Amino acid sequence: MGLRDVLLGWPVYRQLTGTDPLGRGAAAQSARSAGLTARTEDADRVARSVCPYCAVGCGQRVFVSDNRVTQIEGDPDSPISRGRLCPKGSASKSLVTSPLRQTTVRYRRPYATEWEDLDLDTALDMIADRILAARAETWEDVDAEGRPLNRTLGISSLGGATLDNEENYLIKKLFTAMGALQIENQARI
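This is a predicted model, so every value here is computed, not measured. (Residues numbered from 1 in each chain as written. Predicted model: local features only at pLDDT ≥ 70, side-chain atom pairs only at ≥ 80, totals over all residues. Heavy atoms only, no water.)

Student: What am I meant to see in the overall build of the protein chain here?
Tutor: In terms of helices and strands, the protein chain carries seven helices and eight strands. The globule rule puts the C-alpha radius of gyration for 189 residues at 16 Å, and the 28 Å found for the protein chain is more than 25% above it. Projected onto the principal axes, the alpha-carbon positions of the protein chain cover approximately 100 × 40 × 30 Å. Relative to its full complement of 189 residues, the protein chain shows a buried share of 19%. Intrachain contacts of the protein chain at a sequence separation of at least 6 include 32% that bridge at least 24 residues. When the accessible surface of the protein chain is summed, it comes to about 14,300 Å², and 55% of that surface belongs to carbon and sulfur atoms. Looking at charge distribution, the protein chain has the averaged site of its 24 positive side-chain charges lying 8 Å from that of its 25 negative ones. (Helix = DSSP H or I, 4+ residues; strand = E, 2+ residues; numbered from the N terminus. Rg over C-alpha atoms; globule rule 2.2 N^0.38 Å. Buried < 20%, exposed > 50% of the residue type's maximum accessible area, 1.4 Å probe, protein only. Contact = heavy atoms within 4.5 Å. Areas by Shrake-Rupley, 256 points an atom, 1.4 Å probe, with all protein chains shown as cover. Lys, Arg positive; Asp, Glu negative; His and termini not counted. Charge placed at Lys NZ, Arg CZ, Asp CG, Glu CD.)

So, in C-alpha cells, the structure goes:
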C-alpha cells in the first residue's frame with residue numbers, strides 16, 4: 001500500500017476533493033461500513049403489530065426470519081406514531097425473545113406453595129367452569145319488586161390499554177351476553 005492509496009483512503013482527503021464537502025456520506029464511509037446491511041434486510045416477512053405497553057397504540061413492524069422474531073421497529077405508516085417508538089416500545093423485541101419469558105400457563109392451586117404448568121385446554125376449561133359457576137350463583141332474574149333484571153354482578157371485565165376498538169367491541173358483546181354489568185377499560189386517552 002503506497003502513499004497514494006493511503007491518501008485516497010483518508011476520509012478528510014475524500015471530503016475535500018469529492019462531492020461530499022460536509023463529510024456526511026461517501027467521504028466518511030469506510031470499506032467496512034460500505035459492506036454493512038440492515039438487520040431487517042434478510043427478513044422472510046414483516047408483520048404489523050401494535051406496541052403492547054401503553055394505550056397510545058404505536059404501530060410496529062415485526063421482522064421475522066425462519067419463524068423467529070429478529071427485529072421490531074416503529075411503523076412509519078402508522079398514523080399514531082409515524083415510525084417512532086418510546087424506549088419501552090423500542091425494546092419490545094426482548095419481551096418476545098427473552099429466555100425468561102413465560103410460554104406456558106402457570107397455576108397455583110388454593111393454599112399451595114408451588115406453581116404448576118397446565119396445558120392450554122385445561123386452563124380454558126377451568127376458566128369456563130368458573131365463569132359458568134359465578135354466573136349461576138349470582139344471577140338475578142328480577143328485583144324485590146318483580147321488575148326484570150336478567151343480570152349477574154358476579155362477573156366483570158377490566159380491559160387492558162392495548163386493546164383496540166374491535167377487541168373492546170367483542171369483549172363488550174361477550175360480557176353483555178353473559179349478563180355482566182361491570183365492563184370497563186382502563187385506557188383514558
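Student: It is not clear to me how the environment of A26 should be interpreted in this structure. Could you clarify?
Tutor: Among the secondary structure elements, A26 is positioned in the loop between helix 2 (11-17) and helix 3 (31-34). Sequence-distant contacts of A26, defined by excluding residues within four places in its chain, comprise R14 and D20.

Student: Explain a nonpolar patch on the surface to me, please; I cannot follow it from the model alone.
Tutor: There is a patch of nonpolar side chains on the surface, built from L7, W10, V12 and L16 and spanning about 410 Å² of accessible area. For W10, the position within the fold is in the loop between helix 1 (3-9) and helix 2. On the accessibility criterion, W10 (47% relative accessible area) is partly exposed. (Patch = residues over 30% accessible without salt bridge, like charges linked within 9 Å, V, L, I, M, F, W, Y side chains within 5 Å. Salt bridge = Lys/Arg side-chain N within 4 Å of Asp/Glu carboxyl O.)

Student: Just checking my understanding: could you explain the UniProt feature "domain: 4Fe-4S Mo/W bis-MGD-type" (unreviewed entry) in the protein chain for this structure?
Tutor: Those residues carrying the UniProt feature "domain: 4Fe-4S Mo/W bis-MGD-type" (unreviewed entry) are residues 44-100 in this numbering. With 18% helix and 35% strand, the stretch residues 44-100 has end C-alpha atoms that lie 26 Å from each other. (UniProt positions renumbered as here; feature names shortened; annotations may be inferred.)

Student: Would you mind showing me how to read helix 6 (residues 120-138) here?
Tutor: Residues spaced three or four apart along an α-helix point in a common direction, a consequence of the helix completing one turn every 3.6 residues. Its 19 residues place the ends of helix 6 27 Å apart at the C-alpha level, agreeing with the 27 Å of an ideal helix rising 1.5 Å per residue. Restricting attention to buried positions, one finds in helix 6 the residues A123, M126 and A134. End-on view of helix 6: buried residues confined to an arc of 60°, all on one side of the axis. When the buried face of helix 6 is taken as reference, the exposed residues oriented beyond 90 degrees from it are D121, D129, L132 and A136. (Expected span 1.5 Å × (residues − 1). Arc of directions from axis to C-beta.)

Student: Explain the nonpolar core here, please?
Tutor: The nonpolar side chains of a soluble globular protein tend to be buried, and buried together. Within the largest apolar cluster, five residues are counted, these being A134, I155, F175, M178 and A180. For A134, the contacting residues outside a window of four places in its chain are T152, G154 and I155. (Core = buried A, V, L, I, M, F, W, Y, C linked by side-chain atoms within 4.5 Å.)

Student: Help me out: how do you make sense of the sheet that holds strand 8 (residues 180-185) in this one?
Tutor: Strands in a sheet are paired, the pairing made by backbone hydrogen bonds, and the direction either parallel or antiparallel. In space, the three strands of this open sheet follow the order 6-7-8, with mixed pairing throughout. Two strands close off the open sheet at either side, each with one partner strand: strand 6 (139-142) and strand 8. Here the average twist between neighbouring strands, direction ignored, is 25°. Across five bridges, the pairing between strand 7 (residues 148-159) and strand 8 is parallel. (Pairing = 2+ DSSP bridges. Axes fitted to C-alpha atoms, helices over the stretch in contact; angles between N-to-C directions.)

Student: Got a minute to help me understand unusual backbone geometry in this structure?
Tutor: When glycine is set aside, most residues are seen to have a negative phi, and most peptide bonds are trans. Non-glycine residue N67 carries a positive phi angle of around 60°. Along the polypeptide, N67 turns up in the loop between strand 2 (59-65) and strand 3 (68-74). Exposure remark for N67: the relative accessible area of 65% places this residue in the exposed category. Positive phi outside glycine occurs at R82, with the angle close to 50°. Along the chain, R82 turns up in the loop between strand 3 and helix 4 (87-90). Since its relative accessible area comes to 56%, R82 is described here as exposed.

Student: What is the right way to look at the environment of I155 in this model?
Tutor: Checked against the element boundaries, I155 lands in strand 7. Residue classification places I155 among the buried positions, given a relative accessible area of 7%. As for I155 and I80, which are separated by 75 residues in sequence, their C-alpha atoms are 34 Å apart. Other than its neighbours up to four places away in sequence, I155 contacts I131, A134, R135, F175, M178, A180 and Q182.

Student: Looking at this structure, how should I read a negative patch on the surface?
Tutor: Residues E41, D42, D44 and D66 make up a contiguous surface patch of negative charge. Position of D42 relative to the elements: it lies in the loop between helix 3 and strand 1 (45-50). Judged by its relative accessible area of 56%, D42 falls in the exposed class.

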